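In case you want the letters, here they are:
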Amino acid sequence: MKKIPLILIAFFVLIACENKDKTPTSASNFLLNTIDSEASGLRFSNLVIEDIDHNIINYIYYYNGGGVAAGDINNDGLSDLFFVSNTGANKLYVNKGNLKFEDVSEKANIKGNSSWNTGVTMADINNDGLLDIYVCAVSGLLDFTGYNELFINNGDGTFTESAKAYGLDFKGYSTQAYFFDYDKDDDLDVYIVNHAVHTNLSHGRADLRNKRAPLVGDVLLNNENGTFKDVSEAANIFGGVNGYGLSAAVSDFNNDGWDDIYVCNDFHEDDYYYINNQDGTFSEKLADNFTTISRFSMGSDAADINGDGYQDLITLDMLPKDEMVLKETEGDDAMFNMQVHLNRLGYKDQFSRNMLQINNSGDYFHETALLNKVANTDWSWSPLFADFNNDGHQDLFISNGILRRPNGLDFKKYVSSAFKGRSESEGIEWLFNSINEMSSGKVTNEIFKGNSDVFENKTGDWIANNPNISNGAIYVDLDLDGDLDIVTNNFNEDAGLYENTTNATKNYITLDFEYKGANKHGIGVKAKVYSDGKQQLKQLYTSRGFLSTTESKLHFGLNTATKIDSIAIIWPNNELQTIVNPSINKDLTIKYTATDTFYNYDNSIGKKSYFKKENLIDYTHKEDNYNDFVEEKLIPYKISTLGPAFAKADIDNNGFEDVFIGNSSNQPAQLLMNNGTGFFKSKQNVFEDDKAFEDNDATFFDADNDGDLDLYVASGINTYKMDAYQNDRLYINDKGNFTRSENRILQNTLVTTTTQAYDYDNDGDTDLFIGNLADAKDFGNTVASYILVNDGKGYFVKDDNFNLKSKVNAALWKDINNDGLKDLLVATEWDAPKIYINTNGKLVLSNIPKNINGLWQSISTFDIDNDGDQDILLGNLGTNTKFNLNFDGPLVMYYSDFDKNEKKETAIAYNKAGKYYPLNSKDELAAQMNIISKLYIDHKSFAGKTIEDVLRQGTINDAVKYKVHTLASGYLKNDNGNFNAFIPFNNPLQVAPITTFTTLNIEGKNQLMVGGNSYKMNTYHGSYSALKGIIAKDTTNYEPVSNYGIDPFNTQIKQIESIKMKHSNLLLILSNANTLKLYSYKN
Amino acid sequence: MKLKNILILLTLFIGVFSCEKNYESINISSDHYHNTVDHLTEVMIHDIFSPPVASRIYAYPNIAAYETLNQESDAYKSLSNQLQDFNINSVAKTDNLNLKLAALIAYIDVAKELVFSGERIENYRDSLYTEWQTINPNEFKSAKTYALTISYQVKTWMNADMYKETRTMPDYNIYTNDASRWEPTPPAYMKGIEPHWNKIRPFALDSAAQFKPKSHPPFSLEKDSAFYTELMDVVNLNNSIRAKGDDSEEIAIARFWDCNPFVSVNKGHFMFAEKKITPGAHWIGICKIACKQTAANFEKTVFAYTKTSIAIADAFISCWDEKYRSNLIRPETLINKYIDLEWAPILQTPPFPEYTSGHSVVSAASSEILTNIFGDNFAFNDTTELPYGLPMRHFKSFKLAAKEAAESRLYGGIHYRSAVDVGVEQGVGVGTLVNSKIIFLK
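Residues numbered from 1 in each chain as written. Chains lettered and ligands numbered in written order. Predicted model: local features only at pLDDT ≥ 70, side-chain atom pairs only at ≥ 80, totals over all residues.

Observations concerning the overall build of chain B
For chain B, the helix and strand inventory stands at 15 helices and 4 strands. Its C-alpha atoms give chain B a radius of gyration of 25 Å, near enough to 22 Å, the size a compact globule of 442 residues would have. With the principal axes as the frame, chain B shows a C-alpha extent of 105 × 45 × 40 Å. Burial statistics for chain B: of 442 residues in total, 54% are counted as buried. (Helix = DSSP H or I, 4+ residues; strand = E, 2+ residues; numbered from the N terminus. Rg over C-alpha atoms; globule rule 2.2 N^0.38 Å. Buried ≥ 20, exposed ≤ 12 C-beta atoms within 10 Å, placed from the backbone.)

Examining the overall build of chain A
Within chain A, the secondary structure is distributed over 16 helices and 75 strands. Over its C-alpha atoms chain A spans a radius of gyration of 32 Å, differing by no more than 12% from the 31 Å that the globule rule assigns to 1083 residues. With the C-alpha coordinates of chain A rotated into their principal frame, the extents come out at 100 × 85 × 75 Å. The long-range fraction of contacts in chain A, counting pairs at least 24 apart against all pairs at least 6 apart in sequence, stands at 59%. (Contact = placed C-beta atoms within 7 Å.)

Regarding the domain arrangement of chain B
Residue and element names in this part refer to chain B. Looking at the assigned domains, one finds that chain B contains domain 1 (27-163) and domain 2 (179-437). A straight line from the C-alpha centre of domain 1 to that of domain 2 covers 28 Å. With 34 residues of domain 1 at the contact, the number on the domain 2 side is 36 residues. Counted by class, the side of domain 1 that touches domain 2 contains 22 nonpolar, 8 polar and 4 charged residues. (Domains from an automatic or database assignment. Nonpolar A, V, L, I, M, F, W, Y, C, P; charged D, E, K, R; others polar.)

Here's the deal with the environment of Arg544 of chain A
Residue and element names in this part refer to chain A. Tracing the backbone shows Arg544 in strand β36 (residues 543-544). According to the C-beta neighbour criterion, Arg544 is buried, with 27 such atoms within 10 Å. C-alpha separation for the pair Arg544 and Ala249, spaced 295 residues apart in sequence, amounts to 6.7 Å.

Regarding the sheet that holds strand β40 (residues 576-580) of chain A
All names here are of chain A. With antiparallel pairing, 4 strands are arranged side by side in an open sheet as β35-β34-β39-β40. Strands at the two margins of the open sheet, each flanked by one partner only, are β35 (534-539) and β40. Ignoring strand direction, the axes of neighbouring strands in this sheet form an average angle of 15°. As judged from the 6 bridges shared by strand β34 (residues 526-531) and β35, these two strands associate in the antiparallel manner. Bridge assignment links Lys526 to a residue of β35, and that residue is Gln539. (Pairing = 2+ DSSP bridges. Axes fitted to C-alpha atoms, helices over the stretch in contact; angles between N-to-C directions.)

What about the interface of chain B and chain A?
Opposite the 39 residues of chain B that make contact, chain A presents 42 residues. For the side of chain B that touches chain A, the elements supplying multiple residues, two or more each, are α7 (163-167), β1 (262-267) and β2 (270-275) of chain B. With 6 residues, β2 of chain B is the largest single contributor of residues to the side of chain B that touches chain A. Partitioning the side of chain B that touches chain A into residue classes produces 18 nonpolar, 12 polar and 9 charged.

Regarding unusual backbone geometry
Cis geometry is found at the peptide bond from Gly643 of chain A to Pro644 of chain A, where omega equals -5°. With an omega of -5°, the peptide bond between Tyr355 of chain B and Thr356 of chain B qualifies as cis. Topologically, Thr356 of chain B is positioned in the loop between α12 (331-339) and α13 (358-374). At Gln278 of chain A, a position not held by glycine, the phi torsion is positive, near 65°.

A short note on the environment of Asp376 of chain B
Residues and elements named next belong to chain B. Topologically, Asp376 is positioned in the loop between α13 and β3 (380-382). The partly exposed category is assigned to Asp376, around which 13 C-beta atoms lie within 10 Å. As for Asp376 and Val265, which are separated by 111 residues in sequence, their C-alpha atoms are 40 Å apart. Beyond its immediate chain neighbours, meaning those up to four positions away, Asp376 contacts Thr371 and Ser397.

Points about the sheet that holds strand β42 (residues 612-614) of chain A
All names here are of chain A. Spatially, the 4 strands line up as an open sheet ordered β42-β75-β74-β73, and their pairing is antiparallel. What marks the edges here is a single partner per strand, and that holds for β42 and β73 (1053-1060). Going across the sheet, the axis of each strand differs from the next one's by a mean of 30°, ignoring polarity.

Considering the environment of Ile852 of chain A
Residues and elements named next belong to chain A. Along the chain, Ile852 turns up in the loop between β59 (842-845) and β60 (854-855). Separated by 113 residues in sequence, Ile852 and His965 place their C-alpha atoms 5.6 Å apart. Contact partners of Ile852, with chain neighbours within four places excluded, come to Ala832, His965, Thr966 and Phe982.

Looking at the packing of helix α11 (residues 298-326) of chain B against helix α15 (residues 417-437) of chain B
All names here are of chain B. Where α11 meets α15, the closest approach of the two axes is 9 Å, and the angle between their N-to-C directions is 140°. Taken together, the axes of α11 and α15 lie oblique to each other. Relative to α15, α11 is oriented so that their crossing is right-handed. Touching Lys307, Ile310, Ala311, Asp314, Ala315, Ser318 and Cys319 of α11 are Gln426, Gly427, Val430, Gly431 and Val434, all from α15. Residues of the contact of α11 with α15, tallied by class, amount to 6 nonpolar, 4 polar and 2 charged. (Parallel < 35°, antiparallel > 145°, perpendicular 65-115°, else oblique. Left-handed = near helix turned anticlockwise from the far one by under 90°.)

A short note on the confidence of the model for chain A
Summing up the model confidence of chain A, the mean pLDDT is 95 and the portion of residues at 70 or higher is 97%. Note that residues 1-26 of chain A has pLDDT below 50 and, in this model, 4 contacts with residues that lie over four places away or in other chains. (pLDDT = per-residue confidence, 0-100.)

Here we look at helix α5 (residues 118-135) of chain B
Residue and element names in this part refer to chain B. For α5, which comprises 18 residues, the first-to-last C-alpha distance of 26 Å matches the rise-based estimate of 26 Å (1.5 Å per residue) to within 8%. Restricting attention to buried positions, one finds in α5 the residues Ile121, Arg125, Leu128 and Trp132. Take α5 and look down its axis: the buried residues cluster within an arc of 70°, on one side only. Exposed and oriented more than 90 degrees from the buried face of α5 are Asp126, Ser127, Thr130, Glu131 and Thr134. Where α5 is buried, its residues touch α2 (30-47), α4 (99-114) and α6 (137-158). (Expected span 1.5 Å × (residues − 1). Arc of directions from axis to C-beta.)

Shown next as structure tokens:
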């Protein structure tokens, strides 16, 4: 008995010792634990000195930090580390094992001679089996001297700077170098990303990028027998004065076996997407492949994150998460006029948030960062896709932080008025001395766990939530324990080292390559690991993230799989080598052996040309110049861009449906007669006379019971803002000639979104449901939608028994209870959808699940769960919208006259951890409510205030409150005629607003075509265009429309219709502000 | 007992007597008024008010002071029933009312309502109040009571001038197919400032359009058109001035009269701004110089400020009416689009349509008023911009100063010739009207 305590004590001591050795801090129980620099020996700190001549005022990238590179420079099997110091001496650390490092900088002679260093790459440039080091520099700016330096490894622990001898002594504003073999001649060429410092305030036209500018333009250097020659011009590489290049991601994006390049450009310049033409040249194809890109693009990375064999892309930006920072720094509202200006100059729409671009078979990308909640990681530099927990899925690490936030609004408005009473030079000095008044931008690095479908934030769980400034970052298995550690180059503080503690809990394999020629490490090689019924694709490029380079190995987590079925190695020359059943949990070196087997890049698998392009109708919807956001400054989206209107019916009784297409204000509508093989325009003077009207929806029906079809057209907001043109119209058909009727229908000057015809009271004439969205001048108010009852002669009165006051977007008559009478389904926004059961001409509101207020855009029926009955489909805004970032509780829109000036406003508040904050900036609120400027003099006093504080509790209580409980699209499940459950769709159907569900007979089966997107949103949102069109059989079986021969949907889809022609069917895809797209298909 | 009572009474009497005897009158000089106007200017710079809004902020406090001072003056006539919708119910004055003190109190009371940082005006007021309370509490109290009854009426009138309503009116719409239509300008591409300023109630004008100027030369990019010629003149003039260098007289003139309250600068993400006074504030400054140079007494000082600020405010209403009638595009936009992508004007283009030039209208109107008050050929050293790092300039008369101010917009590269020439005519019209229609002197 007495011996036990002694044993216990010994046990404790043992544990204590172990803890002390391994993890110095007791709180280190993360997946990735921070190892202190004392313990590791990595006492490097990127100390950046600022003085009057060298600072953020005269060099815009003063706070961008330096890179870090990993590679085994002494061939001892352990990755060594190189850190870039912007202004001081670079450092090289030799890995001594067990996460201990020795500073060998002095002997190595790599500290650098340039004034300002940036990115670093390790590569064996001279092909001697020793890793050399290439450090980029900014030179020629301010008094910065030097050039990009190449430190050739002498193999004895020393290096010799030899850039000039290799033609790599580029002198300019370099960010980072990317070594790869673009022309497949078995040597390493290099793409050097350089950055502009262009300060022309009018931006300059986008085509400036065609004119190469020295120092700042990116360059492509071809390796010609060991020396590098500039081939940028010949290879079609842009090098303009506008190229604020901050990173590139090299990858075979389109799976054609040749390396492509995505270049991230800061500020207004578009990013570049270079497709390798396989002939030594590239074609820039951003516009064809992306509809949404980040504005202030910084770091980037490419990897196949969803296991579909195509490499996806992330680009980082600077959208803050913190409520204070959001409201104290310049936000998206600054883009209100700027976006229009930049579009006019030829730039694409860009939005300030991280973008997660999902690759669709190499054909195009759709963006999902908001759905994944990886969009707002603040001032972000390095994104790294890697499997940090070895579970076989790619995770995401993002380094963050900036010394001072240079975009503070108070600093600009109230601190920096530098020149008062000072000469210009004194003013600059004063400005420099005041930079300490800028707020600190320390913010934690972030990490997200992936599962090949969606990312989950693990900051504070996998890594410490510790605000600091990390710029360059890499993953590398430093201690050879089979998991990836992380190293960061930190600004003004010691470098960061995160030790991965996954250790042996999960299986892995690491691949190392020996290739041929002057590309011994096999840069560009692909490996596909097949295990557990899944594939993982990785391609070997070492320069990743931001300014940094990782080791030339590929690491695959295998989760609990105990074996790999096979690994397909696709060498840079596209030869295929297959390794069957390799042993796992080790580093495997794969040596190239020549084969005759080439990898078959067949990108046509799964693609059909079922739909074929047609141009039977020449129609373009043109929007007018009405701008909702200047009328009501706080509304979240426009309600004036809802067209075109469409109606189809066989007007002339020739057996083929004719088509009415309405246009926006100032464009005449068209009636197109269908003869079975084509369309001809029917001359209708009244449409020319009525062109001032904006047409939102239309329906053909026999209003006056005379046997022919008349036309009701629902009006939207007209460019003249005149009520007279706001009215709906009933056009009476007189022997094929349409005239506008008077006094037959109700005056309706509201924004009408839908008109649906049906004899709901079963009295032998056709009645109408008229759905209204809003009052054109009063966004926030709910409005009446109603039933127009036909008196049998085409005169209509309101059905007083039907009362619906809401905001209607869409409606549909459909018998959902199989009683032979069509019921009325209505999609509303800031409200729940409505289902009215038709009970002998009485429309009775049916029960639906509670708390499903949404921004319902569309409604339809389909047997989506494949159980034999019709479910009710509901298109919402989707979860890939900015509302999703702060959705810890329902979204709320308040509606009241907050400033008591006889004009009601709306104010949206989002829920962040239980508190409601105003969505808008102080300046936006003040533009609608002058009182805000008096209540909050500066931005700091406004930031972090809840909506109750901002709008004052009293007025809030009096306000009308609209809620949105769900952003997800989904369906009401038909359960024996009851609709008691709302079931959200899978993520691929949440990527943008859904505006239309169309049932089509495709390949002999009823399938659903889903379209949407929105270009109506305000600057807070930008635009949503990730729903490229989906054809769904049911909730789990769906494919992109592009697999069927239809171009991906990049526009705001209004409606999709099908018309039977003599020999085939015609698919009509109608978009707002775009051309009508037509496809023929056969059932 | 009786003696004791008498003693108490006596003590009390002496006490009261000695009190009254010891308090001196609160002395209010012209400098007090100048300082208060200057303080308001400071707060306006901090809060960043656009030129039209600033002109309104100058006018109402001056009117409140003027009315407080001159309800029963022998020399000056009340503005009641002279300015649009303005009438003051006279208030019974107490004996020995310190009217100058009351005028200053009324000024401050109105001023604090007009700015965002009302607290800064209140702090200024409170320190003065404390001082006056100490010097002579009774005199202060009665002056304050009187002042606030006047200022209350001025504020009520002020609050019905459509300012509040125009705050929520639609912004300028930049969607257009019209090549001549104004677009936001570099670097901040700010929204058009005050598109509804013509709905603000004027003081002397019968309507915002009373001095509707003739149209600018018809927009045309044809080489021989009058418009294009004026456009090219801007390019050539700016280029030749730049060639002369930063020390040229033209650049000195352009900078001196810049009067752009918020010149923002972006360098990458780094944002800062230069804040200065507005054109109206500059002429308020000249008014101060004239007052000081002539050692104007308090009454004349208040009169001069009031009349000048009324003319400035009406000048802005008149000018803005035309700006958002013609909605003319700025030279910078056209030059960047059609002539020289990299061209930038010497001054930063302010965020509103081009025609007519606000500084021209305001300077001309102001100089008419100041000439009327202080006489023509009134030579002065204009030191208004010294606190903003710009040197003094000497002028032989108000009109010559106004002429230079108007001309400076051409040097600055932010206006065409017509906007300057026609702007001056428009301003002379406004100034002449104020001189003739509003009677200040009995």
